[in-house]
Amino acid sequence: MLYFSDICTLKSPQGKYILSMRKVIGIGETVLDIIFKHEQPIGAYPGGSSFNAIISMARAGVSTTFISETGNDRVGQNILCFLKDNGVDTTNVNIFPESKSPVSLAFLDDNNDAQYIFYKDHPHDQLDFVYPDIQPDDIVIFGSFFAVNPVIRPQIVGLLDYARNHGAIIYYDVNFRSSHRDEVMKITPNYLENLEYADIVRGSHEDFEVLYKLTDPDKVYNSEISFYCKKFIYTQGARPVELRADNGFRKSYPAIETPTVSTVGAGDNFNAGLIYGMVKYGITREDIERGLTEEQWDSIIACAQEFSAAACQSIYNYISKEFGEEKRQQLGQRA
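Criteria and cut-off values
- Residues numbered from 1 in each chain as written.
- Predicted model: local features only at pLDDT ≥ 70, side-chain atom pairs only at ≥ 80, totals over all residues.
- Heavy atoms only, no water.
- Helix = DSSP H or I, 4+ residues; strand = E, 2+ residues; numbered from the N terminus.
- Contact = heavy atoms within 4.5 Å.
- Salt bridge = Lys/Arg side-chain N within 4 Å of Asp/Glu carboxyl O.
- Buried < 20%, exposed > 50% of the residue type's maximum accessible area, 1.4 Å probe, protein only.
- Expected span 1.5 Å × (residues − 1).
- Axes fitted to C-alpha atoms, helices over the stretch in contact; angles between N-to-C directions.
- Parallel < 35°, antiparallel > 145°, perpendicular 65-115°, else oblique.
- Nonpolar A, V, L, I, M, F, W, Y, C, P; charged D, E, K, R; others polar.
- Core = buried A, V, L, I, M, F, W, Y, C linked by side-chain atoms within 4.5 Å.

Engineer: Now, about the environment of L160: what can you tell me, with residues and values included?
Structural biologist: Among the secondary structure elements, L160 is positioned in helix α3 (residues 153-165). In contact with L160, not counting residues within four places along its chain, are F142, I170, N194 and Y197.

Engineer: I'd love a proper account of the pattern of salt bridges, names of residues and values included.
Structural biologist: One pass over the full model with this rule turns up 19 salt bridges. As a salt-bridge pair, E193 and R153 come within 2.9 Å of each other at their nearest N and O atoms. You can see E193 sitting in helix α4 (residues 184-197) and its partner R153 sitting in helix α3, a full 40 residues away along the chain. Residue E193 is classed as partly exposed on the basis of its relative accessible area, which comes to 28%.

Engineer: Lay out helix α2 (residues 74-85) in plain terms, naming residues and giving numbers.
Structural biologist: When the terminal C-alpha atoms of α2 are compared, their 16 Å separation across 12 residues agrees well with the 16 Å that a helix rising 1.5 Å per residue should span. Residues G76, I79, L80, C81, F82, L83 and K84 constitute the buried set of α2. Residues of α2 that are buried sit in contact with β3 (31-37), β4 (40-47), α1 (49-59), β5 (63-71) and β6 (89-96).

Engineer: Could you give an account of the packing of α3 against α4, naming the residues involved and the relevant values?
Structural biologist: Closest axis-to-axis distance for the α3/α4 pair is 11 Å, and the angle between their directions is 10°. If you check the angle between α3 and α4, you find them roughly parallel. Two secondary-structure elements touch here, α3 through R153, V157, L160, D161 and R164 and α4 through N190, E193, N194 and Y197. Grouping the constituent residues of the contact of α3 with α4 by class yields 3 nonpolar, 2 polar and 4 charged.

Engineer: Hey, could you go over unusual backbone geometry for me, with residue numbers and the actual values?
Structural biologist: Here E39, not a glycine, exhibits a phi torsion of approximately 70°, which is positive. Position of E39 among the secondary structure elements: in the loop between β3 and β4. Here the phi dihedral of S144 falls at roughly 65°; this positive angle occurs in a residue that is not glycine. Following the sequence through the fold, S144 ends up in the loop between β9 (139-143) and α3.

Engineer: How would you summarise the environment of A168 if you had to cite specific residues and measurements?
Structural biologist: Of note, A168 is situated in the loop between α3 and β10 (169-173). With relative accessibility at 0%, the residue A168 sits in the buried group. Separated by 147 residues in the primary sequence, A168 and M21 place their C-alpha atoms 14 Å from one another. For A168, the contacting residues outside a window of four places in its chain are I134, Q135, D137, D138, V140, A163, D199 and R285.

Engineer: So what about the side chain of R153? Which residues, and what values?
Structural biologist: When its relative accessible area of 8% is taken as the criterion, R153 is described as buried. Excluding residues that lie within four positions of it along the chain, R153 makes contacts with A147, V148, N190, E193 and N194.

Engineer: Before we move on, could you go through the nonpolar core and cite the residues and values that matter?
Structural biologist: With 54 residues, the main nonpolar core has L83, L274, M278 and W297 as its most contacted residues. Discounting chain neighbours no more than four positions away, the residues touching L83 are F51, I55, F66, V88, T90 and V93. Residues I25, F142, V201 and V220 belong to the second largest nonpolar core, which totals 41 residues.

As structure tokens, this is what we get:
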């Protein structure tokens, strides 16, 4: 097994843009996203659900660590260099010599919404890492098929237990694609266990159509989520964001109207913005357990929508460096 230090030299000092001691730890897959428009490729960018969120948070000045694995190929080397160049701690991103980096094809329609084809050999996934330093009120983000994959389940559960025992906040992005529709029954126990670990759950209308054949947020929350986790965010593209939380609290947040170039990173950057907001406004695990106020929810969901809208205005999977600099300065002003 090779580590990042064997491949890529950091171009800027580690932590250059970090303004807060509070950390966000992401765990998930790395992929190369190839974007198509009118059946022709228009770009290829490092990606992955938690990966995209971590890149955006790092650009916005949040201290970030990423746990993953990638292939021993040119794609894997570029992905690792990209993480490092954006100030992400890659100590626990491993390269396995006999594996190839996965690829995702994203086909944009006339509304710039994406349909996906994934090329990934999940039965041969590997994950080997040392638990990173996790302190109370650090935040762990995980999701997608990576979070329910039976092959690496012991490692996922181990990290979640470790994070919970150390007082971290656990954020779960369901992100279950239709390409895994035929595996719903197989992964359901792992999915339900993830809901139990989570302090906040976010999912899209596509996720719950695949999992439950339900498209109503109240039905999803009341019948499928609330027993396991009380804080639930339901996103549905250009329609309002629906929040359901403790003691019957509920609220709808109209979507920000914005011209879109690509929605590939929309949900991932919603996650990034919401977690950025939790850091910016000092929301702790104790606050979450007690129940966030309406003002707190308003503040962090506003950040989530702003990050998502910003990402959709470019072909890339993450916020721009310019937008990140603006958010970094705002974070510094509150530090």
